[in-house]
Amino acid sequence: MKLAQSGSQPHPNEEIRLYMRDHRRTLHRSPEVGLELPNTHAHIAKALEQLGLDVEHRPSSGVTARVAGTDSTVRPVILRADMDALPVQEKTGEPFSSENEGVSHACGHDLHMATLLGLARDLVANPPLRDVIVVFQPGEETDRGAVPTLEHQNLQIIEADTYAIHVNSALTLGTVNYRFGTFMAFGDWFSIDINGVGGHASAPERVGNPIRLGSQFFAGMIELAIGLSRDGEKAVATVTEFQSGNTVNVIPAAGRLRGTIRATSEEVRTELIDGMREIIGLEHRDMQAHLEIMQGYPAVVADDRALQTLISVLAQGQLAESLVQMPEPSMVIEDYSYFLQKWPGAMVYVGAQAELNPSFNHSADARFHEDAMDTGFTLFRTIVDADPRVFTT
Ligand SMILES: [Zn+2]
């Protein structure tokens, strides 16, 4: 039986590093948003086929492949990367910047894909003990892509462990950031439609103004979220889109706000939604406001033993000095939570901060250091090669 050896955790060799870098840059140049990612799907499927793997490729639900281990009696490990980009115009100045107008890999999912491809290549060349299922999932950002991806034939297994990384451009390069309990928040999306009659800009006393009302809603929601952020809990309410008006001298008749709410527990999530309903349900002069809540993702909660296993095996090797315990949950949301509802496992942040660039994921100028893929590779290869007896049974 092959065991994880102290101090010998694998680092990608130069060939794998170049392979990951090339895939990352190619994928970065041609980002796609949502569930339908025809070019990205084709790229990943082709790369896995070139490694000699049997590829399960379903439209709108990603690409998976099972890499055979040397002992079929050991339960497999499922490693997941997400594939989708964001509707953000890139301003990083990278020589391999997005060639698709208004779309970019501002969340670093290109690094996730490239890391997992590099790992698959290494696993084929140096077979592990356990089978490894590599999962490339579309539609993480807002399309709940994990759900259709979990229907892959390759994932119809009951006994398995699962792990995933997320690169973070605001955390120190090479760090592995983990948290017991809630790692990432509960989250939902909302839309508020305001309808009135509109009127002359010179007479605001005569008609309600949806821009003013929408601004009051936003301010009220922020106050509400601050009020709920106590006793170790946290709530966030953010408006990300506000549409109203089209000229300088007419009070518009309608407005629309959209955005997201986040909470560290189900209780706070409920209180936040109830509070919003109260604010938006009040009388608003001659305007009506309607709130719609679109259910988002459950919280990403690590399995205690699976996370402890990961930390223990990493602490014996090259990444021992890289481990950082997060004091509080990230308010980001992630549909990897659906994987963690099926199998024990954990997600961690891998620090990917580029020199002199503090921008966080989703910013137009968020740059991700490519060496973060080395950390991701080492982390994955270490957990795959760990003694199976240390995993939850
Ligand atoms: Zn992401």
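Computed from a predicted structure; not experimentally measured.

Chemist: How would you sum up the sheet that holds strand β10 (residues 235-244)? Please name residues and give values.
Modeler: With antiparallel pairing, the 4 strands of this open sheet are ordered in space as β10-β12-β8-β13. The open sheet has two edge strands, β10 and β13 (288-297), and neither has a second partner. The sheet shows a mean angle of 20° between the axes of neighbouring strands, direction not considered. As paired elements, strand β8 (residues 186-195) and strand β12 (residues 254-263) share 10 bridges and run antiparallel to each other. Bridging across to β12, Asp-188 finds its partner in Ile-261. Strands in contact with helix α5 (residues 210-228) are β8, β10, β12 and β13; relative to β10, the strand with the most contacts, it is inclined by about 170°. This element, helix α6 (residues 266-280), spans β8, β10, β12 and β13 of the sheet and lies at about 165° to β13.

Chemist: Which residues make up the environment of Ala-225, and what are the values?
Modeler: By the secondary structure assignment, Ala-225 is in helix α5. Taking the C-alpha atoms as reference points, Ala-225 and Arg-269, 44 residues apart in sequence, are found 9.9 Å from one another. Residues within four places of Ala-225 in sequence aside, it is in contact with Ala-235, Val-236, Ala-237 and Leu-272.

Chemist: Any details on the domain arrangement of the chain? Residues and values, ideally.
Modeler: Segmentation of the chain into domains returns domain 1 (14-183 + 300-390) and domain 2 (186-297). Summarising the inter-unit geometry, the C-alpha centres of domain 1 and domain 2 are found 35 Å apart. Counting residues at the interface gives 9 residues for domain 1 and 8 residues for domain 2. Residue classes in the side of domain 1 that touches domain 2 are distributed as 3 nonpolar, 3 polar and 3 charged.

Chemist: Mind laying out the pairing of strand β3 (residues 77-82), listing which residues take part and the relevant values?
Modeler: Within β3, 6 of the 6 residues are buried, leaving the element largely enclosed by the surrounding structure. Side chains Val-77, Leu-79 and Ala-81 project from β3 onto one buried face, and the interleaved Ile-78, Arg-80 and Asp-82 project onto a second face that is buried too. As judged from the 6 bridges shared by β3 and strand β4 (residues 132-137), these two strands associate in the parallel manner. Pairing of Ile-78 across the sheet is with Ile-133, part of β4. Following the backbone out of β3, through helix α3 (residues 109-125) and into the adjacent parallel β4, one traces a crossover that is right-handed. Of the strand pairs in this sheet, β3 and strand β5 (residues 161-168) are connected by 4 bridges, and their pairing is parallel. Looking across to β5, one finds that Arg-80 is bridged to Ala-164.

Chemist: Mind laying out α5, listing which residues take part and the relevant values?
Modeler: In an α-helix there are 3.6 residues to a turn, and that puts residues three or four apart on one side. When the terminal C-alpha atoms of α5 are compared, their 27 Å separation across 19 residues agrees well with the 27 Å that a helix rising 1.5 Å per residue should span. All of the buried residues along α5 are Pro-210, Leu-213, Gly-214, Phe-217, Met-221, Leu-224, Ala-225 and Leu-228. Buried positions in α5, seen along its axis, are confined to an arc of 110° and lie on one side of it. Of the exposed residues in α5, the ones pointing more than 90 degrees away from its buried face are Ala-219 and Gly-227. Tucked inside the fold, the buried residues of α5 contact β8, β10, β12, α6 and β13.

Chemist: Could you give an account of the nonpolar core, with specific residues and numbers?
Modeler: With 103 residues, the main nonpolar core has Leu-79, Ala-120, Val-134 and Leu-272 as its most contacted residues. Here this core takes 8 residues from α3, the largest share from any one element. Ignoring any residue separated from it by four or fewer positions in sequence, one finds Ala-120 in contact with Leu-48, Leu-51, Leu-53, Ala-65, Val-67 and Val-134.

Chemist: How would you summarise the packing of α5 against α6 if you had to cite specific residues and measurements?
Modeler: Put simply, α5 and α6 touch, their axes get as near as 10 Å, and they point 150° apart. Here α6 runs roughly antiparallel to α5, going by the angle between their axes. Where α5 crosses over α6, the two elements pack in a sense that is right-handed. Facing Phe-217, Gly-220, Met-221, Leu-224, Ala-225 and Leu-228 of α5, the residues of α6 in contact are Val-268, Glu-271, Leu-272, Gly-275, Met-276, Ile-279 and Ile-280. Here the residues of the contact of α5 with α6 sort into 10 nonpolar, 2 polar and 1 charged.

Quick notes on the rules
- In every chain, residue numbers begin from 1 and rise along the written sequence.
- Note on the predicted model: pLDDT of at least 70 is required for a residue's local features to be given, and 80 or more for side-chain atom pairs to be given and counted; whole-chain, interface and lining totals, by contrast, use all residues.
- Note on pairing: two strands pair once DSSP finds at least 2 bridges between them.
- A run of H or I in DSSP becomes a helix once it reaches four residues, and a run of E becomes a strand once it reaches two; helices and strands are each numbered from the N terminus.
- Structural elements are reduced to axes, namely lines fitted to C-alpha atoms, with helices fitted over the stretch in contact, and the angle between N-to-C directions of any two is expressed from 0 to 180 degrees.
- Any pair of residues counts as being in contact when their C-beta atoms, constructed from backbone geometry, are within 7 Å of one another.
- What counts as a domain boundary in this text is fixed by an automatic or database domain assignment.
- Side-chain classes are defined by residue name, with Ala, Val, Leu, Ile, Met, Phe, Trp, Tyr, Cys and Pro counting as nonpolar, Asp, Glu, Lys and Arg as charged, and the others, Gly among them, as polar.
- Comment: burial labels come from other C-beta atoms within 10 Å of the residue's own C-beta, placed from the backbone, where a count of 20 or more is buried, 12 or fewer is exposed, and between is partly exposed.
- Here a crossover is taken to be right-handed if, once the strands point away from the viewer, the path from the first strand over the helix to the second is traced clockwise.
- Here, expected helix span is obtained from the residue count minus one, scaled by 1.5 Å.
- The arc under discussion is defined with respect to the helix axis, by the directions toward the C-beta atoms.
- To define a nonpolar core, we join buried Ala, Val, Leu, Ile, Met, Phe, Trp, Tyr and Cys residues through C-beta atoms within 7 Å and take the resulting set.
- Throughout, the term roughly parallel applies to angles under 35 degrees, roughly antiparallel to angles over 145, roughly perpendicular to angles from 65 to 115, and oblique to all others.
- A crossing counts as left-handed when the near helix is turned anticlockwise from the far one by less than a right angle, and as right-handed when that turn is clockwise.

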